[in-house]
Structure formats: structure tokens, C-alpha cells
Amino acid sequence: MQKLIMLKKTDEFSSVFSFKKRFSSPFFVVHYKPNQAQHVQVGFVVAKKVAKLAVDRNYMRRVLREFCRHELSATLCVDVIIQVQKKFENKDYSLVNQELVTIFNKIQNKLSASSGQ
RNA sequence: AAAGCUAGCUGGACAGUCGCUGCCUAACUUGUUGGGGAGAGGAAAGUCCGGGCUGCAUAGAGUAGGAUGACGGCUAACAGCCGUACGCCGUGAGGCGAGGAAUAGGGCCACAGAGACGAGUAAACCGAAAGGUGGACGUGAAACGCGGUAACCUCCAUCUGCAGCAAGACCAAAUAGGCCAGUAAGCUAUGAAAGUAGCAAGGCGUGGCUCGCGUCACUGGCGGGUAGGUUGCUUGAGCGCAUAAGUAAUUGUGCGCCUAGAUGAAUGACUGUUACGUGUAGUAGUGCACGACAGAACCCGGCUUAUCGGCUAGCUUUUUAU
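Residues numbered from 1 in each chain as written. Chains lettered and ligands numbered in written order. Predicted model: local features only at pLDDT ≥ 70, side-chain atom pairs only at ≥ 80, totals over all residues. Heavy atoms only, no water.

Points about the overall build of chain A
And then number 1: Assigned secondary structure in chain A consists of three helices and five strands.
And then number 2: For chain A, buried positions account for 38% of its 117 residues.
And then number 3: Considering only contacts in chain A between residues 6 or more positions apart, those separated by 24 or more positions represent 78%.
And then number 4: Total accessible area on chain A stands at roughly 7,500 Å², and carbon and sulfur atoms take up 50% of it. (Helix = DSSP H or I, 4+ residues; strand = E, 2+ residues; numbered from the N terminus. Buried < 20%, exposed > 50% of the residue type's maximum accessible area, 1.4 Å probe, protein only. Contact = heavy atoms within 4.5 Å. Areas by Shrake-Rupley, 256 points an atom, 1.4 Å probe, with all protein chains shown as cover.)

Comments concerning helix α2 (residues 54-71)
And then number 1: A rise of 1.5 Å per residue sets the reference length of α2, with its 18 residues, at 26 Å; its end C-alpha atoms lie 26 Å apart and thus fit the reference within 8%.
And then number 2: Looking at α2, one finds that the buried residues are R57, M60, V63, L64, F67 and C68. Taken down its axis, α2 places every buried residue within 135 degrees of arc, on the same side. Facing away from the buried surface of α2 by more than 90 degrees, the exposed residues are V55, R62 and H70. (Expected span 1.5 Å × (residues − 1). Arc of directions from axis to C-beta.)

Brief notes about the nonpolar core
And then number 1: Membership of the largest hydrophobic core comes to 27 residues, with the highest contact counts inside it found for F28 and I82.
And then number 2: Contributing elements (two or more residues each) for this core: β3 (28-34), β4 (41-45), α2, β5 (78-84) and α3 (93-116).
And then number 3: If you tally residues by element for this core, the top one is α3, at six residues.
And then number 4: Those residues in contact with I82 that lie beyond four places of it in its chain are F28, V29, V30, G43, F44, V45, L64, C68, L100 and F104. (Core = buried A, V, L, I, M, F, W, Y, C linked by side-chain atoms within 4.5 Å.)

Quick word on the sheet that holds β5
And then number 1: With respect to topology, five strands assemble into an open sheet ordered β1-β4-β5-β3-β2, the strand pairing being mixed. Of all strands in the sheet, those bounded by a partner on one side alone are β1 (5-6) and β2 (22-24).
And then number 2: Here β4 runs beside β5; their pairing, made up of five bridges, is parallel. Among the inter-strand pairings, G43 is bridged to a residue of β5, identified as I81.
And then number 3: Lying over the sheet, helix α1 (residues 10-19) contacts β3, β4 and β5, oriented at roughly 95 degrees with respect to β3.
And then number 4: Along the sheet, α2 contacts β3, β4 and β5; its crossing angle with β4, the most-contacted strand, is approximately 160 degrees. (Pairing = 2+ DSSP bridges. Axes fitted to C-alpha atoms, helices over the stretch in contact; angles between N-to-C directions.)

Given below as C-alpha cells:
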């Protein structure tokens, strides 16, 4: 299993944002940008506006990390930023998981379509 | 038994699957794998006080500014804690209290009252009048009196440099820029080669030409320093037990223990069994939900704020029984 690579620099974040491709759902906005590296790179944005307490923000980050580690295939060469729009808790877990799965399927389809052209 | 007061403890348990961050250890392909072990709190929070630590500043003294304010003690220090006294609240166990000086000085004193910190109303008296003397009754917490207020300034006593781990220290790529030194190549002779000798000495500008100067290029070196990395970074005013001194806070002695160290930031997610509590359905067995406040960021001592409950100890009041 490949180790999850995180986006860190402000430059990396803003380059993904300025690519202006995204999918949204009730809980998330997912920005993405194909990259040259042979693996997925992810970044999370959990604003203080979404959840005031540090505990809640940490929980959401951990759940997102968990999802990326399990579900993202290593062959997907793309930079992704998951931005949380709405606070979610433990009871929302299955719903959150579903949303992320559908979003990443969309991204996969889009990418394979564009590479096929 | 009920209702309370104070102090302390606790912050469900076990197992499985998939992971994360340090540490120890073994192997080799030197960053991977295997094994072992560790990994949030009583408030980690607010950043309100006080220290340690680090850098800068600093002869000494004073002023300004800031903080504190019964008395005595504890402490590294404090606005903390302990004891005593005083005031208020409570039947009581107990709780609360920024509490020195008003004869150093300034300011302020609502409503009522003529007048509120300096003034003057009525009667009466003086006077031709203007006005003056006079100070009752009443109001009010207080009416010239060693009045109140210092939680208004102030005075007195004591303390007080400034900044903070993004402190500070070290290593240091690329690019640009700084300083210093230098000019490659080539040709000829000799020699087996190494080498030696001689010629020649980068481009552009200045100039008739040479030297020189400037600039560019290249080579080498030096120093600053960015990204990044290492360190600071967890063994400490440390924790537990026993014992001695002390009313106590606390301190001494002995023995034992090692208990997170991340850095765009690990400590997680899911599942099962089970304990406890609450709600709900039911006659019941039982079923179904829900699980307080909240996440380390250099480290300690406090304070304040948030918090579903549970347990332990001491004490108080009321009722009942003996």
C-alpha cells in the first residue's frame, strides 16, 4: 500500500483551485487537477467557520484521510482538494462515504474520457 | 432515612480488522521489512497572573508607567495557598469580602431642600431707600464638623528592564546578487612518457597602436543567506509510597518509578460482546435509541470558565427508633 501524499504548499493548493474543475455535494466541494506524478496527492480544507471546536475539525480530517487511504486507487494521477462545506458527525459516516464515492467516480470518468480523446 | 455543606478520586471495559507518529531491536537492497513497546486532559481551553528557559538591553541612582494592599506564614514566584482577626449572609456544616491613609492636596455627593462643601430662607434688628446683621423651622446619610467617597485622581509602603520556542543555536541545495583571484584553448621544439622551453594570450567598448581602464563571458575561492533539514524537545520546582516536623499550606529524609513529543501537525475509523445511566414500548422477560465538557504544540505553579454522571471520606440540620 502506497503512503498517502499530502499537498502542503500554498502554491500547490492555489494551482489546484485555479484549475477551476470541481464537483460538489451537500457536504463537500472537491477540486481536482491532473498531475504529472504517478500517484494521487490530496489536501483537505476544514474551515473554522464550518465547525468551531477543534475536536470536530480533527474528526472530519481524520475521516477524510481514512477515506482517501482506503478508496483512492493509486493509478489515479490527480491532485485533489476536499473542502468541507457542512459539519458532519459520527452518525453521518455512511452518508459521507457514499457522497465521496460518487464524486470520485465522476472524476475518474471525466479523466478517462478526456484521455481517450 | 431525607435534605445539605466541604474535600478528594474517576472520566466504562474487553476483543478483532484496516491504519498513523516517535522509541528499542534484527535483517538487508540504507529506507524498507519483521518483532517488541509507547502514544491527549482535568480542564489539554481562556491566555488572566507568577516563574524557569532563551535572546537583546543594562555602571549606579532617580522619575514616568504598571502591579499589589488587614496581620502572620508557605513558596522559585504570585493577584495563589494556609492560619488568625474583622464585616456581611445562612438554623447549621459553611460561604462571600480589591480590606492602608480622608489632618498632604484636588474632585464628586442623586432625590429632597433656600443652600451640598460653599452658601444663605423666615422672624427679629439696623437703615429714608438700596441693602446689611441674623440665622429659626423644615429637608436630608450629611447643613462649616476632625461628614461621606480612595472600586475618582492622589498620598504612603512593597515589587517592577523588553520580548518571546514563529525565542535561540547549527547545517545548507538551486537561482539572483556581493567580494577576491585568474584567463582557457592552441602551435613549435625536445622526449618513450611525465615534463621542460619558446611563441601566443577570450569577446566588446575606449584608443591610430600598446599598456591601462570599464564591461561581458568563463574558472576557482570566500562570506551573507532563502527553500529545506537538525537542534531547542521533554528527567522535571517530576510522580507514587512510607516516615518525621508543623494547627495547616508546606518542607526534610528513605525507597521505588520513567509517564506523548507531532510540526500543512500522529494519537484514528469500523465491527462485535458486555457494564452503568437516561428516555421510550410492554403486565413481564426484553427490545430500540442516546452517552458531559472537550484535542497536547517549550515546560512548570496558580486563577477563571465549560462539564452527563458515579464513588469515597468528614461534617451539619430535620424526622424516627433505642
